[in-house]
Amino acid sequence: QVPILRENLGALFAMTLGALTVGSGFVAVDRERGHVRFLFSTPIVAWQYYLLRLVVGMLTFTAAYALVPLGFGWFVFDVPVLPVLASAALYATVFGSLGILAGALTQRDGAVVIVTTLLSMSLHLIVRAGAPGVPAWMVWAERILPPIATADVVRTAWLAGAAPDAADLTRVLGYSAAMLVTALFTIHRAPLVR
């Protein structure tokens, strides 16, 4: 049952695209359009507002993605909901944290998230393929970029009904937490109107 879902690239692609929207577009757009001037004219702490907005987006995305296995189960055959929810929550965490960090640092957060994702996944494929002569800078860059390919490995294990490697899960969650803390610190310390 689950291998069919795992092989359904459309559903997995939709999860990735949906997760990309969780944290992208609100910090940078608020700064660019000047919304921060009226959003924070009352005593609201900016980093708390954006954290709450991110958490609501992550919960909404995860809950909405529960409709995929439920709908599939009603029309085709039963699909376990928990692995799909865990996968969606993991992706929302990784991409949401990356998106809010990109928005806190740049004006073009969507482009930064897409380029970072493509670069991270490409370097992961090159380095992990074990081809001889991989330059040291590629290995170094693959290690410091967000572990998006590692999140994919964890997601694949969950959808296959297996337990993911604890080190992989810890790396993904730890890196996501570090991105989120860095983003919130930047929002708190850097001027919102630049």
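Coordinates for the structure precede this section.
A. A look at the overall build of the protein. Counting secondary structure elements, the protein contains 11 helices and 0 strands. Order of helices (α) and strands (β) in the protein, N terminus to C terminus: α-α-α-α-α-α-α-α-α-α-α. Of the roughly 10300 Å² that the protein leaves accessible, carbon and sulfur atoms contribute 71%.

B. Local environment of the nonpolar core. Ranked by size, the top nonpolar core spans 31 residues in total, and within it I100, A151 and I187 carry the most contacts. Secondary-structure elements contributing two or more residues to this core are helix 5 (46-65), helix 7 (81-105), helix 10 (148-159) and helix 11 (166-189). Within the second largest apolar cluster, 5 residues are counted, among which are L123, V127, A141 and L145.

C. How the structure looks around the packing of helix 7 against helix 11. For the pair helix 7 and helix 11, interaxial distance at closest approach is 8 Å and the crossing angle is 30 degrees. In terms of orientation, helix 7 and helix 11 fall into the roughly parallel class. For the crossing formed where helix 7 meets helix 11, the hand is left-handed. Along the contact surface, helix 7 presents L90, T93, V94, S97, L98, I100, L101, A104 and L105, while helix 11 presents L169, V172, L173, S176, M179, L180, T182, A183, L184, T186 and I187. Each residue belonging to the contact of helix 7 with helix 11 can be placed in one class, and the counts come to 15 nonpolar, 5 polar and no charged.

D. Spotlight on empty space enclosed by the protein. Taken as a whole and assessed by the stated rule, the structure comprises 2 cavities of 30 Å³ or more. Space inside the second largest cavity adds up to approximately 30 Å³. Every residue along the wall of the second largest cavity is listed here: S120, H124, E142, P146, P147, I148, A149, T150 and R171. Mapped onto the lining of the second largest cavity, the elements with two or more residues apiece are helix 8 (109-128) and helix 10. The element contributing the most residues to the lining of the second largest cavity is helix 10, with 3 residues. Of the residues that constitute the lining of the second largest cavity, the class distribution is 4 nonpolar, 3 polar and 2 charged.

What counts, and at which threshold
Residues numbered from 1 in each chain as written. Predicted model: local features only at pLDDT ≥ 70, side-chain atom pairs only at ≥ 80, totals over all residues. Heavy atoms only, no water. Helix = DSSP H or I, 4+ residues; strand = E, 2+ residues; numbered from the N terminus. Areas by Shrake-Rupley, 256 points an atom, 1.4 Å probe, with all protein chains shown as cover. Core = buried A, V, L, I, M, F, W, Y, C linked by side-chain atoms within 4.5 Å. Buried < 20%, exposed > 50% of the residue type's maximum accessible area, 1.4 Å probe, protein only. Axes fitted to C-alpha atoms, helices over the stretch in contact; angles between N-to-C directions. Parallel < 35°, antiparallel > 145°, perpendicular 65-115°, else oblique. Left-handed = near helix turned anticlockwise from the far one by under 90°. Contact = heavy atoms within 4.5 Å. Nonpolar A, V, L, I, M, F, W, Y, C, P; charged D, E, K, R; others polar. 1 Å grid on protein atoms, 1.4 Å probe; cavity = no way out; pocket = protein on both sides within 12 Å on 5 of 7 lines; lining within 4 Å. Points joined across faces, edges and corners; volume = space filled by probe spheres on them.

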